There are 2 protein chains.
Amino acid sequence: MLDVLAGIGRTRTGGYRRDAWSPAELELREWFCQEADARALTRYEDRNGNLWAWWGDPAERPGVVTGSHLDSVREGGAFDGPLGVVSAFHAVDRLRRDGFQPARPLGVVCFTDEEGARFGVPCVGSRLLTGALTPERARGLTDEAGVTLAEAMRAQGRDPLSLGLDKPTLRQVAVFVELHVEQGRALRGPVGVASAIWPHGRWRFDFHGTADHAGTTALADRDDPMLRYAQAVLAARAAAERLGVVATFGKVQVVPNNANAVPSLVSAWLDARGAREEEVRRLVAELSEGPEVVCESWTPEVTFAPELRDHLATVAGAALDGGAAQILPTGAGHDAGILASAGVPSAMLFVRNPTGVSHSPAEFAEPADCLAGVTALTAVLADLCGGRT
Amino acid sequence: MLDVLAGIGRTRTGGYRRDAWSPAELELREWFCQEADARALTRYEDRNGNLWAWWGDPAERPGVVTGSHLDSVREGGAFDGPLGVVSAFHAVDRLRRDGFQPARPLGVVCFTDEEGARFGVPCVGSRLLTGALTPERARGLTDEAGVTLAEAMRAQGRDPLSLGLDKPTLRQVAVFVELHVEQGRALRGPVGVASAIWPHGRWRFDFHGTADHAGTTALADRDDPMLRYAQAVLAARAAAERLGVVATFGKVQVVPNNANAVPSLVSAWLDARGAREEEVRRLVAELSEGPEVVCESWTPEVTFAPELRDHLATVAGAALDGGAAQILPTGAGHDAGILASAGVPSAMLFVRNPTGVSHSPAEFAEPADCLAGVTALTAVLADLCGGRT
């Protein structure tokens, strides 16, 4: 199934660009609906644009939900997101092939705009669903072209006024399990289980200066914000090493961005994460002297429910080689983290990433490990749903 | 007249965006044609998109030409370019008001795409005219949207196959005088005369790295090109101070430019200039270890003809307060420099810039100084044309 998706939103570099509410993402949504229909699952799009496909009726009894997202970072890889959705459909197929009759409904979900590539805030779909993001703020989020999320949704026939906390949909989810490709090299076996998501945040740094002619303005007369930005990049790396966290300036916008003009403004986005909030906060505070700093998102540490986590590690491990699956934290944010923070019992399965490369066209997982992921997910869903073969 | 232009291509910040072959620039071209027609000047657009308006027939005898350009840098000011064109028309009006009969034809020119804001190479119109830029290279120049100069011209009904060295047009220019707002604070009186244009160039630096997830990739595992770019920014400033030149990184493009991804590529443009080529070259060489460096443009020092320069300083000064006008070099490139390099006797008049700010919405010249510029230009043109009142 991942092969079918391979051509959608692909760029000339071999990477992907699957922005929320872009033509490529709409094609992926259409694919989701077709897969759901082919399995006679009951599907609908919720008020926030998340797609749900149910085996059984969750209105009668809350069910077990699995899935992930289909959007991508820009120039992202093929696995981050789609692997979890494709594996969910494969798990449904395996359960049916085995004649499994779930005692609880089983749902497949595709959350919208997990990466925040276009509008800047990640996990928009799950944050709106759980009330962690207000509909007012969501509607006003703006892409580089000045298009708001509200306008982008309206252009695709959605009603942005319907956005917001969706308790009826949330109530249908008794437990959520997200399968995802691992994004570092910490996982040794084919499949692992998440212990926690590091606290992480995104800050916009605005370095203001004075626009000037690059040829005629003496160095001493300049107020060049590029110099202060460069110092901040190096200071962030040094502070991250000292404090034992990670920090990245991966996005920059320069005004006016002329080769022959000293900039008037350099805006740069800092992504910072670590095992403990204290060190992350300290790094940002150290860098905040001088520029104008706005926190665009902050997600406290998420610890997945330990009993569920340990249980799933045992079930997943038993379905593979017998021993319990490895339990490990991650530095990446996920919809499962948003749901866990909202009180939904949640867990994550990771599939090994041999190179650790992610958010890159070179992102990769071995086919055998992906199949092991489906095997583990199938066992976990059967266990959580209860039922009989 | 500058007031009439004030609204064209203006952005929300009060700055200007007048890209070559954009709707704003076409409106400015239309304005030029109307002003020429209102004065019954014989106008035409040459093969390279430069606009000419003649008083008298330069086919009979080469004439004296004045003018400048109407395009702007992005977020540029109101004076850089338009002041020279507006002053040219005012000078024609003054000469006619005084009943002047020029012995040689007098032309007003508007060179196209002087700033290179859209296609990256400055002085495209004058470089093509003089053969300093090949038509093949010009046609292939590409803007950020991937549109080539050839496509942009074709979209406006021009034939890009006609681009290139235009000897008949060039032969009509016996001498060229460009009036321009000064772009530093070196000019003390209202009007000065240019001695030289510093050697200057533009280089693209490509820092290659490995795209990775900003949260899950350990610092030690990263190959982050943003760090090397930041080091280059600070190294450029230090080298410029040491070598007595100016160096600017004013334009940056990051791939993929995601807040949550280590970049795979940081491309940055270095603008470097100085009184002597040797120091400029040394600075670029020092910075070139590591990144992939491509020279996008290089202009050797231009020394304006000393006799013409000294003569015009006397004539301009006499028209104002009596003493010779100040003679000074500039770090900015101009079409007059391109023509001078092609062997056309050329000179420049500068109008005082009280703040020295240029390539910025805050660019400014006092009205009284602008009028002094017209007075000086009128005297210079009368002197060069010869003739009688």
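Residues numbered from 1 in each chain as written. Chains lettered and ligands numbered in written order. Predicted model: local features only at pLDDT ≥ 70, side-chain atom pairs only at ≥ 80, totals over all residues. Heavy atoms only, no water.

*Asks:* Help me understand the pairing of strand β5 (residues 106-111) of chain B, please; the structure alone is not making it clear to me.
*Replies:* Each regular strand carries side chains that alternate between the two faces of the sheet. Residues and elements named next belong to chain B. The buried count for β5 comes to six of six residues, which makes it a mostly enclosed element. Burial along β5 is two-sided: L106, V108 and C110 and G107, V109 and F111, pointing in opposite directions, are all buried. Sheet topology places strand β2 (residues 51-55) next to β5; five bridges connect them, and they run antiparallel. Bridge pairing links L51 to C110 in β5. Pairing analysis gives six bridges linking strand β3 (residues 63-69) to β5, with the strands arranged parallel. In the sheet register, H69 faces β5, and the bridge partner there is F111. (Buried < 20%, exposed > 50% of the residue type's maximum accessible area, 1.4 Å probe, protein only. Helix = DSSP H or I, 4+ residues; strand = E, 2+ residues; numbered from the N terminus. Pairing = 2+ DSSP bridges.)

*Asks:* Quick question: what am I supposed to make of the relation of the copies chain A and chain B here?
*Replies:* Two copies of one chain are present, and they are related through a rotation about an axis combined with an axial shift. Each copy superposes on the other: chain A lies on chain B with an RMSD of 0.0 Å after a rotation of 180° and an axial shift of 0.0 Å. Such a turn and shift between the copies fits a two-fold axis. Among all C-alpha atoms of chain A, that of A230(A) lies closest to the rotation axis, at 2.1 Å. Mapped onto chain B, 100% of the interface residues of chain A again fall at the interface, so both copies present the same surface. (Least-squares fit on C-alpha atoms with pLDDT ≥ 70 in both. Contact = heavy atoms within 4.5 Å.)

*Asks:* It is not clear to me how the packing of helix α2 (residues 23-38) of chain B against helix α3 (residues 82-97) of chain B should be interpreted in this structure. Could you clarify?
*Replies:* The relative placement of two packed helices is expressed as an angle between their axes plus a distance between the axes. All names here are of chain B. Closest axis-to-axis distance for the α2/α3 pair is 11 Å, and the angle between their directions is 10°. Viewed along their axes, α2 and α3 adopt a mutual orientation that is roughly parallel. Contacts between α2 and α3 involve W31, F32, E35 and A36 from the former and V85, V86 and F89 from the latter. For the contact of α2 with α3, the residue count by class is six nonpolar, no polar and one charged. (Axes fitted to C-alpha atoms, helices over the stretch in contact; angles between N-to-C directions. Parallel < 35°, antiparallel > 145°, perpendicular 65-115°, else oblique. Nonpolar A, V, L, I, M, F, W, Y, C, P; charged D, E, K, R; others polar.)

*Asks:* It is not clear to me how the interface of chain A and chain B should be interpreted in this structure. Could you clarify?
*Replies:* By a widespread convention, an interface's size corresponds to the accessible area lost as its parts come together. Counting from both sides, the interface comprises 57 residues of chain A and, opposite them, 58 residues of chain B. It is L219(A), R237(A) and A259(A) that lose the most area in chain A upon contact with chain B, and together they represent 13% of the buried surface on that side. One can count two salt bridges joining chain A with chain B. Of the charged contacts, one joins D221(B) and R185(A) as a salt bridge, the two residues approaching to 3.0 Å between their closest N and O atoms. Secondary structure elements with two or more residues in the side of chain A that touches chain B: β9 (212-213), α8 (225-243), β10 (246-255), β11 (261-262) and β12 (265-273) of chain A. (Buried area = accessible area lost by both parts, 1.4 Å probe. Salt bridge = Lys/Arg side-chain N within 4 Å of Asp/Glu carboxyl O.)

*Asks:* Looking at this structure, how should I read the side chain of Q326(A)?
*Replies:* Residues and elements named next belong to chain A. Within the secondary structure, Q326 is located in strand β15 (residues 326-330). Classification of Q326 as buried rests on a relative accessible area of 19%. Among the polar contacts made by the side chain of Q326, one reaches the main-chain carbonyl oxygen of A186 at a distance of 3.0 Å. A polar side-chain atom of Q326 sits 3.0 Å from the main-chain amide nitrogen of R188. Once residues lying within four places of it in the same chain are set aside, the contact partners of Q326 are A186, L187, R188, G189, V191, G192 and V193. (Polar contact = N/O pair within 3.5 Å; in protein donor to acceptor, adjacent residues only side chain to side chain.)

*Asks:* Which parts of the structure should I look at to understand the environment of A362(B)?
*Replies:* Residues and elements named next belong to chain B. In this structure, A362 sits in the loop between β16 (346-351) and α12 (367-385). According to the relative accessible area criterion, A362 is partly exposed, its value standing at 49%. For the pair A362 and G14, spaced 348 residues apart in sequence, the C-alpha to C-alpha distance is 8.6 Å.

*Asks:* Any chance you could explain the domain arrangement of chain A here in plain terms?
*Replies:* Residue and element names in this part refer to chain A. Domain boundaries assigned for chain A yield domain 1 (2-198 + 301-388) and domain 2 (200-298). Computed from C-alpha atoms alone, the centre-to-centre distance between domain 1 and domain 2 is 32 Å. Contacts between the two partners involve 14 residues from domain 1 and, on the opposite side, ten residues from domain 2. Summing both sides of the interface, domain 1 and domain 2 together bury roughly 890 Å²; the carbon and sulfur share of this comes to 42%. For the pair domain 1 and domain 2, the number of links is zero salt bridges. (Domains from an automatic or database assignment.)

*Asks:* How should I be thinking about helix α10 (residues 306-319) of chain A in this particular structure?
*Replies:* Three or four residues apart is the spacing at which side chains of an α-helix point the same way, because the helix has 3.6 residues per turn. Residue and element names in this part refer to chain A. The end-to-end C-alpha distance of α10, which contains 14 residues, comes to 20 Å, matching closely the 20 Å that a straight helix rising 1.5 Å per residue would cover. Every buried residue belonging to α10 is among L308, R309, L312, A313, V315, A316 and G317, and all of these are buried. Along its buried surface, α10 packs onto β6 (173-181), β7 (191-197), β15, β16 (346-351) and α12 (367-385). (Expected span 1.5 Å × (residues − 1).)

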